[in-house]
Amino acid sequence: MSSVYELTGTLMYIQQLLTEAEEDDQVIKDTLEAVQGEYDYKVEGCCKVVKNIEADINAYKTEAKRLTDRAKILEKNVERLKATIFDSMKSTNTHCINGQLFKITIAKNGGKLPVVYDKSNKEITATLPDDLVNIVESPNLDAIRTLLESGKTVEGFTLGERGESLRIK
């Protein structure tokens, strides 16, 4: 059986013969009908393949969405379990557990100390010098932190405690 490509070439050749030939038109027309039938069959077969592939694509997309949704649910379950462990360990003042498979610790978070200030008191922000205020009219926490860490005071601001997180190794 011929391919679509081969049948396309044959059909084009026969159609050209029909426009140029003067004699024996019936033989050419019969050949054209035979080739056209095979061509139509092949094209329809290609369309079936296209539809099957499109169905597969839709199935894959649906499955990908289902798996993504499932992954989100599992991520929330993990967050909830870690929060339960963290709260339990904090409540029982347990900072380290050396299990058979895991070492579970509650440790201070790294990085800069957070600057804590009363956001409801707009007057504190308004009285800060320009070098301690960001352009968006919010306190420059990095500059305030530097001042607080050097021992100076800034009204309404103090250095807070580092947060804690659960680490499973």
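Residue indices follow the written sequence of each chain, beginning from 1 at its first position. Reporting of local features is limited, given that this is a predicted model, to residues whose pLDDT is at least 70; pairs of side-chain atoms are given and counted only at 80 or more, and all residues count toward the totals for whole chains, interfaces and linings. Where side-chain values are given, they derive from all heavy atoms of the structure, hydrogens and water being excluded.

Engineer: Before we go on, may I ask you to explain the overall build of the protein chain in this structure?
Structural biologist: Scanning the protein chain from N- to C-terminus turns up 4 helices and 5 strands. Strands here mean DSSP runs of E at least two residues long; helices mean DSSP runs of H or I at least four residues long; both are numbered from the N terminus. In the protein chain, the succession of helices and strands from N to C terminus is α-α-β-β-β-α-α-β-β. We compute the radius of gyration from the C-alpha atoms alone; for a globule the expected value is 2.2 Å times N to the 0.38, where N is the number of residues. For a compact globule of 169 residues, the expected C-alpha radius of gyration is about 15 Å, and the protein chain comes in at 38 Å, more than 25% above that figure. Taking the principal axes of its C-alpha atoms as reference, the protein chain extends roughly 110 × 55 × 25 Å. Exposure is judged per residue with a 1.4 Å probe applied to protein chains only, and the accessible area is read against the type maximum: over 50% gives exposed, under 20% gives buried, and values in between give partly exposed. Within the protein chain, the proportion of its 169 residues that are buried is 16%. Reported accessibility uses the Shrake-Rupley method at a 1.4 Å probe radius. Residues are deemed covered only where the shown protein chains occlude them. Within the structure as shown, the protein chain displays about 13,200 Å² of accessible surface, and the carbon and sulfur contribution to it stands at 55%. His residues and chain termini do not enter the charge count, which takes Lys and Arg as positive and Asp and Glu as negative. Note that the charge is assigned to NZ on lysines, CZ on arginines, CG on aspartates and CD on glutamates. Averaging the locations of the 23 positively and 28 negatively charged side chains of the protein chain gives two centres separated by 19 Å.

Engineer: Can you help me understand helix H4 (residues 141-149) in this one?
Structural biologist: Count 3.6 residues to each turn of an α-helix, and residues three or four apart come out pointing the same way. Restricting attention to buried positions, one finds in H4 the residues Ala143, Ile144, Arg145 and Leu148. Note on definitions: a residue-residue contact is assigned when non-hydrogen atoms from the two residues lie within 4.5 Å. Buried residues in H4 make contact with strand E3 (115-117) and strand E4 (157-159).

Engineer: I keep staring at the packing of aromatic side chains and nothing clicks. Help me out?
Structural biologist: Any pair of aromatic rings gets described here by the distance separating the centres and the angle formed by the planes. Only Phe, Tyr and Trp rings are paired, with Trp represented by its six-membered ring, and only when their centres lie within 6.5 Å; those with planes under 30 degrees apart are stacked, over 60 edge-to-face, the remainder tilted. Inspection of the entire model under this criterion finds 1 aromatic pair. Between tyrosine 117 and phenylalanine 157, the aromatic rings sit 4.8 Å apart at their centres with planes inclined by 35°, giving tilted as the arrangement. One end of the pair, tyrosine 117, is in strand E3; the other, phenylalanine 157, is in strand E4, and 40 residues separate them in sequence.

Engineer: Would you mind going over the confidence of the model for the protein chain with me for this structure?
Structural biologist: The predicted coordinates should not be examined in detail at positions where pLDDT is low. The pLDDT score gives, residue by residue, the confidence of the prediction method on a 0 to 100 scale. Summary statistics for the protein chain give a mean pLDDT of 85 and a share of 91% for residues scoring 70 or more. Of all helices and strands in the protein chain, the one with the weakest mean pLDDT is helix H1 (residues 4-20) (73), whereas strand E1 (residues 96-98) scores best (95).

Engineer: How should I be thinking about the side chain of asparagine 140 in this particular structure?
Structural biologist: Mapping asparagine 140 onto the fold places it in the loop between helix H3 (122-126) and H4. Given the relative accessible area of 18%, asparagine 140 is considered buried.

Engineer: Quick question: what am I supposed to make of unusual backbone geometry here?
Structural biologist: Trans peptide bonds make up most of the peptide bonds, and negative phi angles are found at most residues other than glycine. Unlike most non-glycine residues, asparagine 93 shows phi in positive territory, near 55°. Note that asparagine 93 resides in the loop between helix H2 (25-91) and E1.

Engineer: Sorry if this is basic, but what is going on with the pairing of strand E2 (residues 103-108) here?
Structural biologist: Each regular strand shows side chains that alternate between the opposite faces of the sheet. Judged from the 3 bridges that link them, E1 and E2 form a sheet pairing that is antiparallel. Looking at the pairing, asparagine 98 lines up with lysine 103 of E2. DSSP bridges decide pairing: two strands pair if at least two such bridges lie between them. Hairpin connection, E1 to E2: the antiparallel pair is bridged by 4 residues.

Engineer: What am I meant to see in the nonpolar core here?
Structural biologist: Where a protein is soluble and globular, its nonpolar side chains tend to be buried together. Core analysis: the biggest nonpolar cluster contains 10 residues, these being Val115, Tyr117, Ile124, Leu128, Leu132, Ala143, Ile144, Leu148, Val154 and Phe157. Elements with a minimum of two residues in this core: E3 and H4. At 3 residues, the largest contribution of residues to this core is made by H4. Dropping the residues within four chain positions of it, leucine 128 is found in contact with Val133, Pro139, Ile144, Val154 and Phe157. Working definition of a nonpolar core: buried Ala, Val, Leu, Ile, Met, Phe, Trp, Tyr and Cys residues. They are joined through side-chain atoms within 4.5 Å.

Engineer: How do you make sense of the pattern of salt bridges when you look at a structure like this?
Structural biologist: Two side chains carrying opposite charge are able to pair once their charged atoms lie near each other. Any carboxyl oxygen of Asp or Glu within 4 Å of a side-chain nitrogen of Lys or Arg constitutes a salt bridge here. Counting across every chain of the model gives 7 salt bridges. We note a salt bridge from glutamate 54 to lysine 51, for which the minimum N-O separation is 3.5 Å. Here glutamate 54 and its partner lysine 51 are both found in helix H2, 3 residues apart, which amounts to about one turn of the helix. Residue class for glutamate 54 comes out partly exposed when judged on its relative accessible area of 38%. The class of lysine 51 is exposed, set by a relative accessible area of 57%. Residues glutamate 164 and lysine 90 are paired through a salt bridge, measuring 2.5 Å at the closest nitrogen-oxygen approach.

Engineer: Mind showing me how you'd approach a nonpolar patch on the surface here?
Structural biologist: Each patch is built from residues lacking any salt bridge and having more than 30% relative accessible area; the joining distance is 9 Å for like charges and 5 Å for nonpolar side chains (Val, Leu, Ile, Met, Phe, Trp, Tyr). Residues Val49, Ile53 and Ile57 make up a contiguous nonpolar surface patch of roughly 250 Å² in combined accessible area. In this structure, valine 49 sits in helix H2. According to the relative accessible area criterion, valine 49 is partly exposed, its value standing at 47%.

Engineer: For this particular structure, what's the right way to read the side chain of threonine 105?
Structural biologist: Locating threonine 105 in the fold gives a position in strand E2. Excluding its chain neighbours within four sequence positions, the residues that come into contact with threonine 105 are His95, Cys96, Ser165, Leu166 and Arg167.

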